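The residues making up each chain are set out below.
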Amino acid sequence: MIQHLIVLPVVLPLVAGILLLYQRQGLVRYKRIVSVVASLLLLLVSIALVRQAASGEITYYALGDWQPPFGVVLVLDRLSALMVLITSILAIGAVVFACGGDDEKGSNFHGLFQWQLLGINGAFLTGDLFNLFVFFEVLLLASYALLLHGGGKARIQASVHYVVLNLAGSSLFLIAVGILYGATGTLNMADMGYKLASLPAEREGLVTAGALMLLVVFGLKAAILPLYFWLPRAYAAAPAPVAALFAIMTKVGVYAILRVYSLIFGEQAGSLVALEQPWVWWLSLATLAAAGVGVMAARDLRLLVAYLVLISVGTLLAGVGMRSVDATSALLYYLIHTTLVTGGLFLLAEMIGLQRGKPGTRIVKGRPLVQGNALAITFFIGAIAVVGMPPLSGALGKAMVLVAAEGTQRLWLWPLLLLASLASLIALSRAGSTLFWRSHRGSPSGSPLSRYQWFGMLWLLSAAPLLVVFAGPVSSYTQATGEQLANPQLLIETLLPDAGETP
């Protein structure tokens, strides 16, 4: 059974999704039980995979026993195990929150939710470039339907932009995969990286074109400037549990950049190495600046959280652009923090909006809230965590990223990241004072929130203090992950034993 663990993060949500969609007219209780149990099992499997990957051994699962580079493989290393674990933790909070009533606002929520998990986990585990495209399509198809869950004009408008841009990105992805396959004769990422070391000079132009096209695709998924304009409205319009799960979607793009440009275009790629570095570095800084302005301009709490996601994207991609082991370690620690905390903030924004009634999540005056004190405390904790103030994990994550910068990188990153954090602090302070302190007099509005909603939100926001308590082992794991990524030859030799040190 142990050797089959790697495939379970794909099989579990696939089977659960089939069961849920097959019984789509069934009892709500049945759907909730199946979805929550499947998500809990996914969490247990992902913990087991992290423990397995922590030894430093890279393992793979050959589907149909077709060995690489000819067959489809799922690869488990420290990075893929970590990303699957983050996804499963996020899924627990989102699906339990949805059981508070959001899942009844439309049809097939839980089945589509599980299939989006299938696409996300598959993207993190696949060792094949074409199947990375396939899993991207699976998660995108599910996200199209989930974005429209519950209907409404705002969701339809946001979904049109989201769908059109992602369809264009998918077309570009497929073209890039075709170019790279034509130039190298393989789709296996490890084999492609191995073959680039001996690539004929006349094909380097093709490979460079394919690599830069992939960067556009992954930049669109990650929402880097100038490809981020779809994200704020889409995330703000999405149902709260869907927006929370979408917190991992931009990280799929970040992961793809890390994986592809370390494994395929790593040190073994010769003159093709670091094709993405200057683009990612400067565009990440521009993303930070633009997102800081967006945070200050936001007049809706959900839109504000969406721009906070963009600030995290700029921070993460700046870490990618620094291209060092310490920077990779820092961005991975920060990635865990920002994914879970921003997911929790989307849920919290929905809870505040439900209690405010007609004003909803707009940052305007309203009546006092029934559970105003509890919501204000959790908002304060979430705000200082996401801004990066001590003593919570945001401060540690941003400090690690700042320290990892070297030389002239500090001259650019430090002021931009600190100014973006200041903009976040000002915007969240203004929002908190308006929502909780400047309320009109009168009887409290809203009704008590469901215990499922409280659990889902607190489950995710609890990551902020826990990442501080366990900062030692977590940072040790991310440091080892950075070192493993910096040595792609380990993965190449695991999948291709005959590759050796040189082609």
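All chains use their own residue numbering, which begins from 1 and follows the written sequence. Predicted model: local features are reported for residues with pLDDT of at least 70 only, side-chain atom pairs are reported and counted for 80 or more only, and whole-chain, interface and lining totals are derived from all residues. Excluding hydrogens and water, the side-chain values take into account all heavy atoms of the structure.

Looking now at the overall build of the chain. A run of DSSP states H or I qualifies as a helix once it reaches four residues; a run of E qualifies as a strand once it reaches two. Both are numbered from the N-terminal end. Within the chain, the secondary structure is distributed over 21 helices and two strands. It is over C-alpha atoms that the radius of gyration is taken, and the globule rule equals 2.2 Å times the number of residues to the power 0.38. On C-alpha atoms alone, the chain measures out to a radius of gyration of 22 Å, which is about the 23 Å that the 2.2 N^0.38 rule sets for 503 residues. Referenced to the eigenvectors of the C-alpha coordinate spread, the extents of the chain come out at roughly 75 × 55 × 40 Å. Each residue is assigned to one of three classes by its accessible area relative to the maximum for its type, calculated with a 1.4 Å probe on protein chains only: buried under 20%, partly exposed between the two thresholds, exposed over 50%. Taking all 503 residues of the chain together, 60% fall into the buried category. Considering only residue pairs separated by 6 or more positions, the chain has 79% of its internal contacts joining residues 24 or more positions apart. Accessible surface area values rest on a Shrake-Rupley calculation with a 1.4 Å probe, where residue burial reflects the displayed protein chains alone. Summing over all exposed atoms, the chain offers an accessible surface of approximately 19000 Å²; the carbon and sulfur share of this is 67%. Only four residue types enter the charge count, namely Lys and Arg as positive and Asp and Glu as negative; His and the chain termini do not. In this description, the location of a charge corresponds to atom NZ of lysine, CZ of arginine, CG of aspartate or CD of glutamate. Within the chain, one finds 29 positive and 21 negative side-chain charges whose respective centroids are separated by 24 Å. Only heavy atoms enter the contact rule, under which two residues are in contact if any of them lie within 4.5 Å.

The biggest cluster of nonpolar side chains holds 181 residues, and the ones touching the most others in it are Phe218, Tyr235, Val260 and Leu413. The residues contacting tyrosine 235, other than those within four sequence positions of it, are Trp230, Ala243, Phe246, Ala247, Met249, Thr250, Ala306, Val309 and Phe346. Note on terminology: a nonpolar core comprises buried Ala, Val, Leu, Ile, Met, Phe, Trp, Tyr and Cys residues joined through side-chain atoms within 4.5 Å.

Within the fold, serine 324 resides in the loop between α13 (301-322) and α14 (325-356). Distance from serine 324 to glycine 482, taken between C-alpha atoms, is 8.0 Å for residues 158 residues apart in sequence. Within polar-contact distance, the side chain of serine 324 engages the backbone nitrogen of alanine 327 at 3.1 Å. Contacts described as polar in this section are N or O atom pairs within 3.5 Å, which, within protein, must combine one atom able to donate a hydrogen with one able to accept it, while residues neighboring in sequence count only if both atoms come from side chains.

With that settled, consider unusual backbone geometry. Keep in mind that most residues, glycine aside, have a negative phi and that most peptide bonds are trans. Omega for the bond connecting proline 68 with proline 69 falls within 30 degrees of zero, at 10 degrees, which places this linkage in the cis form. Among the structural elements, proline 69 can be located in the loop between β1 (59-62) and β2 (73-76). The amide bond that connects proline 390 to the next residue, proline 391, takes the cis arrangement and shows omega of 5 degrees. Within the secondary structure layout, proline 391 lies in the loop between α15 (372-387) and α16 (393-404). Here the phi dihedral of asparagine 108 falls at roughly 65 degrees; this positive angle occurs in a residue that is not glycine. Here asparagine 108 is to be found in the loop between α3 (78-98) and α4 (109-125). The residue alanine 223 is not glycine, and still its phi comes out positive at about 70 degrees. With respect to the element layout, alanine 223 can be found in the loop between α8 (204-222) and α9 (231-237).

Before going further, it helps to examine the environment of valine 260. Looking at where valine 260 falls in the secondary structure, it is placed in helix α11 (residues 249-263). Looking at valine 260, the relative accessible area reads 1%, which means it is buried. Those residues within four positions of valine 260 in sequence are excluded, and the remaining contacts are Leu129, Leu132, Met189, Leu214, Phe218 and Phe265.

With that out of the way, let us pick up the packing of aromatic side chains. Two rings from Phe, Tyr or Trp (for Trp, the six-membered ring) form a pair when their centres are within 6.5 Å of each other. A pair whose planes differ by under 30 degrees is stacked, one over 60 is edge-to-face, and the rest are tilted. Inspection of the entire model under this criterion finds 19 aromatic pairs. Arranged with centres 5.6 Å apart and planes meeting at 90 degrees, the rings of phenylalanine 133 and phenylalanine 173 form a pair that is edge-to-face. Here phenylalanine 173 lies in helix α6 (residues 153-184) and phenylalanine 133 lies in helix α5 (residues 129-147), a separation of 40 residues in the sequence. According to the relative accessible area criterion, phenylalanine 133 is buried, its value standing at 12%. Here the aromatic cluster, defined as three or more aromatic residues joined through ring pairs, consists of Tyr144, Tyr162, Trp230, Tyr235, Phe246 and Phe346. Ring-over charges, as used throughout, are those where CZ of Arg or NZ of Lys falls within 6 Å of the ring centre and within 35 degrees of the ring normal. Geometry around tyrosine 452 places arginine 451 over its ring, the cationic atom sitting 4.9 Å from the centre.

Moving on, we get to the packing of helix α1 (residues 8-22) against α4. At their nearest, the axes of α1 and α4 sit 8 Å apart, and the two run at 160 degrees to each other. Regarding the angle of α1 to α4, the classification is roughly antiparallel. When you trace α1 past α4, the crossing you get is left-handed. Contacts between α1 and α4 pair Pro9, Val10, Pro13, Leu14, Ala16, Gly17, Ile18, Leu20 and Leu21 from the former with His110, Gly111, Leu112, Gln114, Trp115, Leu117, Leu118, Asn121, Gly122 and Leu125 from the latter. A per-class count over the contact of α1 with α4 returns 13 nonpolar, six polar and no charged. Axis lines are fitted to C-alpha atoms, over the contacting stretch for helices. Their N-to-C directions set the angle, which ranges from 0 to 180 degrees. We call two directions roughly parallel when the angle between them is under 35 degrees, roughly antiparallel when it is over 145, roughly perpendicular when it lies between 65 and 115, and oblique otherwise. A clockwise turn of the near helix away from the far one marks a right-handed crossing, whereas an anticlockwise turn of less than a right angle marks a left-handed crossing. Each residue is assigned to one of three groups, with Ala, Val, Leu, Ile, Met, Phe, Trp, Tyr, Cys and Pro labelled nonpolar, Asp, Glu, Lys and Arg labelled charged, and all others, Gly among them, labelled polar.

Turning our attention to α4. Residue pairs spaced three or four apart in an α-helix point in one direction, given the helix's 3.6 residues per turn. Helix length check: α4 (17 residues) gives 24 Å between terminal C-alpha atoms against 24 Å at 1.5 Å per residue, within 8%. Of all 17 residues that make up α4, 16 are buried, and the element is covered over most of its length. Here the expected span of a helix is defined as 1.5 Å times the quantity of residues minus one.

With that out of the way, let us pick up the packing of helix α2 (residues 28-53) against α4. At their nearest, the axes of α2 and α4 sit 9 Å apart, and the two run at 20 degrees to each other. Taken together, α2 and α4 sit at an angle that is classed as roughly parallel. Every pair of crossing elements has a handedness; the one defined by α2 and α4 is left-handed. Two secondary-structure elements touch here, α2 through Lys31, Arg32, Ser35, Ala38, Ser39 and Leu42 and α4 through His110, Gln114, Leu117 and Asn121. Taken together, the residues of the contact of α2 with α4 break down into three nonpolar, five polar and two charged.

It is worth spelling out a nonpolar patch on the surface at this point. On the surface, Val11, Leu14, Val15, Ile18, Leu19, Leu27 and Tyr30 cluster together into a nonpolar patch covering about 570 Å² of accessible area. Among the elements that take part in the nonpolar patch, α1 stands out by supplying five residues, more than any other. With respect to the helices and strands, tyrosine 30 occurs in helix α2. Note that patches include only residues with greater than 30% relative accessible area and no salt bridge, and the join distances are 9 Å for like charges and 5 Å for nonpolar side chains (Val, Leu, Ile, Met, Phe, Trp, Tyr). By definition, a salt bridge exists where a carboxyl oxygen of Asp or Glu is found within 4 Å of a side-chain nitrogen of Lys or Arg.

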